[in-house]
Amino acid sequence: MIDLRAASSAIIVAAGLVSVLPALANDSSASIVAGGVVLGTTDAVRIASEGLYVSAERIDVDYVFENITDRDVTVQMAFPLPDVDARNVYGTWPEQAESTRFINFATSIDGRPVVTREIVEIIGADGRPITDIFRREGFPLAPYSSAWGDDIETGTPEAEARMARLAELGLLSADGRPDWTTRISFVWEAIFPARRTVEVSHSYKPVAGSFFFTPEVDNFESWYRARYCASAGEWRSLNRVAGRKQEYRLISEVGYALKPGANWAGPIGRFHLTLDKGHPKNLITLCFKGDLKKTAPTRFEFEAFDYTPREDILFAIMNTTIGD
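Bear in mind that the values here come from a model prediction, so they are computed numbers and not experimental data.

Details of the overall build of the protein
Part 1: From N to C terminus, the protein includes five helices and 19 strands.
Part 2: Of all 324 residues assigned to the protein, the portion counted as buried reaches 50%.
Part 3: Residue pairs in contact within the protein that sit at least 24 positions apart in sequence constitute 77% of those at least 6 positions apart.

Quick word on a positive patch on the surface
Part 1: On the surface, Arg236, Arg240, Arg244 and Lys281 cluster together into a patch of positive charge.
Part 2: Looking at where Arg236 falls in the secondary structure, it is placed in helix H5 (residues 232-242).
Part 3: On the basis of relative accessible area, Arg236 is assigned to the exposed category, the value being 55%.

A short note on helix H3 (residues 157-168)
Part 1: Taking 1.5 Å of rise per residue, twelve residues should cover 16 Å, and H3 covers 17 Å from first to last C-alpha, within 8% of that figure.
Part 2: Looking at H3, one finds that the buried residues are Ala159, Arg162, Met163 and Leu166. Buried residues along H3 cover an arc of 100 degrees about the axis, so they all sit on one side. Away from the buried face of H3 by more than 90 degrees, exposed residues Pro157, Glu160 and Glu168 are located.
Part 3: Residues of H3 that are buried sit in contact with helix H2 (150-154) and strand S11 (180-192).
Part 4: Backbone geometry just after H3 places Gly170 at a positive phi near 75 degrees.

Things to note about the sheet that holds strand S8 (residues 106-109)
Part 1: In spatial order, the strands read S9-S8-S12-S5-S4-S15-S18-S17; together these eight strands make up an open sheet with mixed pairing. The open sheet has two edge strands with one neighbour each: strand S9 (112-113) and strand S17 (293-296).
Part 2: Where S8 lies against strand S12 (residues 197-204), four bridges are found, and the strand directions are antiparallel. Opposite Ile109, over in S12, you have Val200 as the bridge partner.

Points about the packing of aromatic side chains
Part 1: For the coordinates displayed, the defined rule picks out 31 aromatic pairs.
Part 2: On the basis of an interplanar angle of 70 degrees and a centroid distance of 6.3 Å, the ring pair of Phe192 and Trp264 is categorised as edge-to-face. You can see Phe192 sitting in strand S11 and its partner Trp264 sitting in the loop between strand S14 (249-257) and strand S15 (268-276), a full 72 residues away along the chain.
Part 3: Judged by relative accessible area, Phe192 falls into the buried class, the value being 0%.
Part 4: A centroid spacing of 5.2 Å and a plane angle of 50 degrees characterise the contact between Phe213 and Trp235, whose relative ring orientation is tilted. Remark: Trp235 occurs in helix H5 and Phe213 occurs in strand S13 (residues 209-213); sequence separation between them is 22 residues.
Part 5: The exposure class of Phe213 is buried, given its relative accessible area of 1%.
Part 6: Taken together, the ring pairs connect Phe211, Phe213, Phe220, Trp223, Tyr224, Tyr228 and Trp235 into an aromatic cluster.
Part 7: Lying over the aromatic face of Trp148, Arg162 brings its terminal NZ or CZ to 6.0 Å of the ring centre.

Description of the packing of helix H4 (residues 220-228) against H5
Part 1: In contact at an axis separation of 11 Å, H4 and H5 are set at 120 degrees when each is read in the N-to-C sense. Here H4 is positioned oblique relative to H5, judged by the angle of their axes. Considering how the two elements wind past one another, H4 and H5 form a crossing that is right-handed. Contacts between H4 and H5 involve Phe220, Glu221, Tyr224 and Arg225 on the former and, on the latter, Ala232, Trp235 and Leu238.
Part 2: In the contact of H4 with H5, the residues fall into five nonpolar, no polar and two charged.

As for the pairing of S8
Part 1: Relative to S9, S8 runs antiparallel, the two sharing two bridges. Bridge pairing in S9 links Ile109 to Arg112.
Part 2: The antiparallel pairing of S8 with S9 creates a hairpin that spans two residues between the two strands, and Asp110 there sits at a positive phi of about 50 degrees.

Some remarks on the confidence of the model for the protein
Part 1: Summing up the model confidence of the protein, the mean pLDDT is 85 and the portion of residues at 70 or higher is 85%.
Part 2: Note that residues 1-24 has pLDDT below 50 and, in this model, 88 contacts with residues that lie over four places away or in other chains.

Notes on the nonpolar core
As a rule of thumb, nonpolar side chains are buried together in soluble globular proteins.
Part 1: Core analysis: the largest hydrophobic core is formed by 64 residues, its most contacted members being Leu52, Phe65, Phe134, Trp180, Tyr256, Leu273 and Ile313.
Part 2: In terms of residue count, the dominant contributor to this core is S11 (six residues).
Part 3: Every residue in contact with Phe134, bar those within four places of it in the chain, is listed here: Ile122, Phe139, Pro140, Leu141, Trp148, Leu171 and Trp180.

Some remarks on the pattern of salt bridges
Part 1: This model, assessed by the stated rule, comprises 15 salt bridges.
Part 2: The closest approach of N and O atoms between Glu57 and Lys205, which form a salt bridge, is 3.0 Å. Of this pair, Glu57 sits in the loop between strand S4 (45-54) and strand S5 (59-67) while Lys205 sits in the loop between S12 and S13; the two residues are 148 residues apart in sequence, bridging distant segments of the chain.
Part 3: A salt bridge links Arg128 to Asp126; its shortest N-O distance comes to 2.9 Å.
Part 4: Counted as one network, the salt bridges with shared partners bring together Arg136, Glu137, Arg165 and Glu168.

Cut-offs and rules
- Residues numbered from 1 in each chain as written.
- Predicted model: local features only at pLDDT ≥ 70, side-chain atom pairs only at ≥ 80, totals over all residues.
- Heavy atoms only, no water.
- Helix = DSSP H or I, 4+ residues; strand = E, 2+ residues; numbered from the N terminus.
- Buried < 20%, exposed > 50% of the residue type's maximum accessible area, 1.4 Å probe, protein only.
- Contact = heavy atoms within 4.5 Å.
- Patch = residues over 30% accessible without salt bridge, like charges linked within 9 Å, V, L, I, M, F, W, Y side chains within 5 Å.
- Areas by Shrake-Rupley, 256 points an atom, 1.4 Å probe, with all protein chains shown as cover.
- Salt bridge = Lys/Arg side-chain N within 4 Å of Asp/Glu carboxyl O.
- Lys, Arg positive; Asp, Glu negative; His and termini not counted.
- Charge placed at Lys NZ, Arg CZ, Asp CG, Glu CD.
- Expected span 1.5 Å × (residues − 1).
- Arc of directions from axis to C-beta.
- Pairing = 2+ DSSP bridges.
- Phe/Tyr/Trp six-rings, centres within 6.5 Å; stacked < 30°, edge-to-face > 60°.
- Lys NZ or Arg CZ within 6 Å of the ring centre and 35° of its normal.
- Axes fitted to C-alpha atoms, helices over the stretch in contact; angles between N-to-C directions.
- Parallel < 35°, antiparallel > 145°, perpendicular 65-115°, else oblique.
- Left-handed = near helix turned anticlockwise from the far one by under 90°.
- Nonpolar A, V, L, I, M, F, W, Y, C, P; charged D, E, K, R; others polar.
- pLDDT = per-residue confidence, 0-100.
- Core = buried A, V, L, I, M, F, W, Y, C linked by side-chain atoms within 4.5 Å.

So this is what it looks like as structure tokens:
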């Protein structure tokens, strides 16, 4: 079994409120070993530039890679999704939930679409690989399949039989919920010609975590402010907006792993980040040490040269328009 957890971004944990969904990861060079993916490093190819657009609806990444050697270099590329904990997908599902390609990940090299190979691993709560068990039993590999959500709630005979079998296999938590981890990676091979640049682009729809803003819950304020680096002023603004209506305000959480960008040769030559909060009245809070500047009613941008990413991005957006 290959462990991706140390190399990809962390699971988004939304304090057990409405749903807990994963962030998505940056590119990294990789090697494929025993059916899994191991993120690696290379000193032959650098990221000359990276343009990153992040919102709750879409993530677009445009790279220019440069081979800095006198020989062609073939690299196994990997795009890993962080682990998806089966206990934390209960209640919310993305579009195409029955597929393991639910983020609609698309990639191209120099403008030509690339077919990626998908690697799916199911890991038991005790750390053992159980993908073969899932295949033998005919269980869906898709972490957001209705088999692990709607079917359980409806209590159909098929769902009850499936849950009974999961119990026999020791795949339920103490409270009777599915208990395993799904790891999904998209991999492909890229050739970087000697002393040349190659453009690589990705586009996908993130599965944004979501929960309700509930300041009356014990420790919610300390948890929220620590997780999203919300200042005292930002916290007051969140409370003021949340208090306009009786119903709770929905928070969307989006993450993106920047740190794997340091796996390439040297720093990123030019890095440009755009964060989009979706609506001018929405409120955004995040932890990011860069100097983000507001450039449009919904957009914040950051640019740096010779940039080495040392932190991932995690931000929360309060939707201020629902119910208004």
